[in-house]
Amino acid sequence: AKSAGGNRYELADAEADARAITRHGLTTALPAALDRGEFFIEYQPLVHLGDGSVHGAEALVRWLHPQHGVLGPDRFIPLAEHTGLIVPLGRWVLEQSVRQAREWQERHSGAGPLRINVNLSPCQLTHPGLVSDTVDILERVGLEPDSLCLEVTESALIGADDDLLKPLRRLAEMGVDIALDDFGTGYSNLANLRRLPVSILKLDRSFTQGMQQFPADPVDLKIVEGIVSLAHSLDLAVTVEGVETGAQAEQLRLLGCDTAQGWYYARPGPPDRLHDLALIDATG
Ligand code: C2E
Ligand code: CA
Ligand code: CA
Ligand code: CA
């Protein structure tokens, strides 16, 4: 008879195989999925910490797979990056999101423009069409560049040379905001921030998690306080991610963070829900 250890090994092996098969299957299914319209976007509001009013929304892509159901981006974005499909997929996400922002602005009487945040993968950054595609989409849809924010992870920009920064600088000059996503996870040189064409820091969720107790751990408070004051002295706004409780929101507000995003306000959802939230805010 086989030992328990042997069985466990076989089980783990079988699971690894199943995962590899799924990965392979998903990878080969990606291009047709884009043609068939199996991707969709959920939007999560960004709110002002001061008064809780809706400031904008982040676009988060999902895949409605015919067999596996709804897949989150962590399941397929790495595969799309590996195969290069991220470039057309990213362009599709950008166009959909820009159209959605335009629609919100048209329906949004008087409550200030709604802004849209879109994630950029490192492959899109190095793709030569980034600036022209973005300009083309904004012009065709008729959205002002300053209604758009492109989010780039801190790790994608660590050690970035001028060639990599040039397209981002061009976009920033046009008025597009560039946000440094997952800030605080990449060990970047803080002095390096001055070199980057960014106007927003998105503080990673790990910092927000440290604010679960009230009062929070004094060391965590000091770290966030330091980042916020450095950011503000460089004229950068600070957005915090992953706010799940009122206690977190309150402490982050007291620390001077500007905007927030998280389940406490709303989970990512369909665009109409965000429109309703914005309307409630405009009248309340
Ligand atoms: P991200 O840019 O850091 O996005 C924030 C993630 O945190 C989202 O996960 C969001 O659903 C989740 N989140 C929001 N509020 C909370 C909260 O209060 N608590 C917790 N625990 N989580 C919260 P999601 O939608 O699964 O996206 C994961 C990542 O996939 C994103 O991380 C982003 O890096 C990437 N991604 C999503 N859409 C796109 C896209 O269109 N293009 C590219 N290149 N990447 C994308
Ligand atoms: Ca993001
Ligand atoms: Ca993030
Ligand atoms: Ca309000």
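First things first, this report covers the structure right here in the doc. Because the structure is a prediction, the values reported are computed rather than measured.

Points about the packing of aromatic side chains
Under the criterion given, the structure shown has five aromatic pairs. Geometrically, the ring pair formed by Phe39 and Trp63 is tilted, given 5.4 Å between the ring centres and 40 degrees between the ring planes. Taken together, the residues Phe39 in strand β1 (residues 39-48) and Trp63 in strand β2 (residues 54-65) connect sequence positions 24 residues apart. Assessed through its relative accessible area of 4%, Phe39 is described here as buried. What makes Trp63 buried here is its relative accessible area of 0%.

Re the pattern of salt bridges
This model, assessed by the stated rule, comprises 16 salt bridges. Note that Glu95 is salt-bridged to Arg99, the shortest N-O span being 2.7 Å. Taken together, the residues Glu95 and Arg99, both in helix α3 (residues 86-107) and four residues apart, mark about one turn of the helix. One network of salt bridges, with partners in common, ties together Glu58, Glu151, Lys202 and Glu241.

Structural notes on the pairing of β2
For β2, a buried count of ten out of twelve residues is recorded, marking the element as mostly surrounded by other parts of the structure. Direction of pairing for β1 relative to β2: antiparallel, over a ladder of nine bridges. Of the residues in β2, the one forming a bridge with Pro45 is Ala57. Hairpin geometry of β1 and β2 is characterised by an intervening segment of five residues between the two adjacent antiparallel strands and by a positive phi of about 75 degrees at Gly52. Across four bridges, the pairing between β2 and strand β4 (residues 115-119) is parallel. Looking across to β4, one finds that Glu58 is bridged to Asn117. Both β2 and strand β3 (residues 69-71) contribute to a ladder of three bridges, which runs antiparallel. Of the residues in β3, the one forming a bridge with Leu64 is Val70. From the end of β2 to the start of β3, which pair antiparallel, there are three residues.

Quick notes on the rules
Each chain has its residues counted from 1, following the order in which its sequence is written. All chains are assigned letters beginning at A, and all ligands numbers beginning at 1, according to the order in which they are written. Per-residue local features of the predicted model are confined to residues with pLDDT of at least 70, and side-chain atom pairs are confined, for both listing and counting, to 80 or more; whole-chain, interface and lining totals are unaffected and use all residues. As a convention, hydrogens and water are excluded, and side-chain values are obtained from all of the structure's heavy atoms. Note on aromatic pairs: the rings of Phe, Tyr and Trp (six-membered ring only in Trp) are paired at centre separations within 6.5 Å, and the planes decide the class, stacked below 30 degrees, edge-to-face beyond 60, tilted for the rest. Counting from the N terminus, the helices are the DSSP runs of H or I reaching at least four residues and the strands are the DSSP runs of E reaching at least two. When accessible area is computed with a 1.4 Å probe and restricted to protein chains, residues below 20% of their type maximum are described as buried, those above 50% as exposed, and intermediate ones as partly exposed. Definition used for salt bridges: Asp or Glu carboxyl oxygen within 4 Å of a side-chain nitrogen of Lys or Arg. One requirement defines pairing of two strands: DSSP has to find at least two bridges between them.

Everything listed is a geometric property; what it means functionally is a separate question.
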